[in-house]
Amino acid sequence: MGSDDLEGVMLGNRSVSSEGSQDGRKRPQRVQRRPTIVDVAELAGVSVGTASKALNGRGSLRPETRARVLRAAKHVGFEPNALAQSLLAGRSFTVGLLTTDSFGRFSIPVVMGAEDALGEGRISVFLCDGRGDPEREARYVRTLLARRVDGIIVTARRVDPRPPIAPHLPIPVVYAMTQSTDRGDLAVLPDDEGGGRIAVEHLIQLGRRRIAHVTGPERFAAAVRRAKGALAALDEAGMSMAGGGVFFGEWSEEWGRRSLSQILDTEPHTDAIFCGSDQIARGVTDALRELGIRVPDDIAIDGYDNWEVITNAARPPLTTIDPNLVEVGRVAARELLAAINGTMAGGVRIVTPRLVVRESTGGTSQAPLQEQSMEHLEHKR
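Rules used throughout
Residues numbered from 1 in each chain as written. Predicted model: local features only at pLDDT ≥ 70, side-chain atom pairs only at ≥ 80, totals over all residues. Heavy atoms only, no water. Phe/Tyr/Trp six-rings, centres within 6.5 Å; stacked < 30°, edge-to-face > 60°. Helix = DSSP H or I, 4+ residues; strand = E, 2+ residues; numbered from the N terminus. Buried < 20%, exposed > 50% of the residue type's maximum accessible area, 1.4 Å probe, protein only. Lys NZ or Arg CZ within 6 Å of the ring centre and 35° of its normal. pLDDT = per-residue confidence, 0-100. Contact = heavy atoms within 4.5 Å. Salt bridge = Lys/Arg side-chain N within 4 Å of Asp/Glu carboxyl O. Expected span 1.5 Å × (residues − 1).

A. Spatial organisation of the packing of aromatic side chains. One pass over the structure, following the stated rule, counts 2 aromatic pairs. Geometrically, the ring pair formed by Phe220 and Trp251 is edge-to-face, given 5.8 Å between the ring centres and 85° between the ring planes. A residue pair is termed long-range when its members are at least 10 positions apart, and Phe220 in the loop between β11 (211-215) and α8 (221-236) and Trp251 in the loop between β12 (247-248) and α9 (253-266) qualify at 31 residues. Classification of Phe220 by relative accessible area gives buried; the value is 15%. Directly above the aromatic system of Tyr304 lies the positively charged group of Arg226, at a separation of 3.8 Å from the ring centroid.

B. Looking closely at the confidence of the model for the chain. In the predicted model, the chain carries a mean pLDDT of 85, and the fraction of residues at 70 or more is 83%. A low-confidence stretch, residues 1-19 (pLDDT under 50), is modelled with 31 contacts involving residues beyond four sequence positions or located in other chains. Overall, residues 365-381 carries pLDDT values under 50, and its contacts beyond four positions in sequence, including any with other chains, amount to 34 contacts.

C. Focus on the environment of Leu186. Structurally, Leu186 is set in strand β10 (residues 186-190). Given a relative accessible area of 1%, Leu186 falls into the buried group. Residues within four places of Leu186 in sequence aside, it is in contact with Val173, Val174, Tyr175, Glu335, Met344, Ala345, Gly346, Gly347 and Arg349.

D. Spatial organisation of the pattern of salt bridges. Summed over the entire model, instances satisfying the criterion amount to 17 salt bridges. Notably, a salt bridge pairs Asp305 with Arg226, separated by 3.7 Å at the nearest N-O pair. Here Asp305 is found in the loop between β14 (300-304) and α11 (308-311), whereas its partner Arg226 is found in helix α8, with 79 residues between them in sequence. Comparing Asp305 with Arg226, the two get one shared label, buried. Here Arg330 and Glu327 are joined by a salt bridge, their closest N and O atoms 3.1 Å apart. One end of the pair, Arg330, and the other, Glu327, are both in helix α12 (residues 325-340), 3 residues apart, so they sit about a helical turn from each other.

E. Structural context of helix α7 (residues 192-205). The end-to-end C-alpha distance of α7, which contains 14 residues, comes to 20 Å, matching closely the 20 Å that a straight helix rising 1.5 Å per residue would cover. Of all 14 residues in α7, 12 are buried; the element is thus mostly enclosed. Trailing α7 by a residue or two, Gly207 shows a phi angle of about 95°, which is positive.

Next up, the structure:
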């Protein structure tokens, strides 16, 4: 390739291009380089050391000096070197987020909330999918430690306690939408018991008196806690569970369809059903429609999870409990940042759910009940 054919070459991170001269030959343009802290210091009229202190928030500088340096940096387009900053601070400004929820149904909103909170602190996230495989998870933990992350958030599909990701880690770990069997570890969980209470209180306030509850497997902590909240709300109202108790089964539409016959066989006059998941609720509403039983006129239905793919496609659209998983992620990230900065605590943080009213219990005209139930729940705590 001859020199006349050269339109542009890459030199490291710098681009060099050429342009024609009057004699027909091409000459190189000036190399466009990245602004440096020297440029900032010269424009601000300060030393390089002073510029560095201003840009990194260190040292005792006059406010006007710091402001002048920041204006100069913005003017020349200076971006601090992330590696240099991390070495200076003794931190990488990165966090690992380890999930076992390969489907993402529950972990995605948690991740979104965590990224929102971490982004405020200019923290980058490494997302790792352990897929419920302990060996794969252990390998990711080693990789994250090798990358010198400042901390780790662990999330999963279910709130049941699980073994710690590793013993005696040198960095803080927060569990979100799951918890460690080590009570010294910090966990952030949705309030399933409170959500069950809110769901049934909503039905009671609508005037329903024969309320049944159908939910997932009894081996799931979420199912047990939601049932406990529902039973507590009924007991406080002087009522008992229609059908004689909780109908435990599976997290599926098919179980929702099958459970309806069991409910109506034991309590033919049932006028409301609280379902432990939106999938179950959709199965129940389908079965009711096939029987010619009107929702909500004859039987009101509310679900759980606010999975909009299900709630909005159901006929009628489902009233449900939103476990507020985005907020679970935000709280977990804030707790992790506090731990990174030296304020570490164990135990469990509970995030309050919210009621989302749709047509299966009478439509949006009942929305104020959400606030009433939330206030009641907070008072009980």
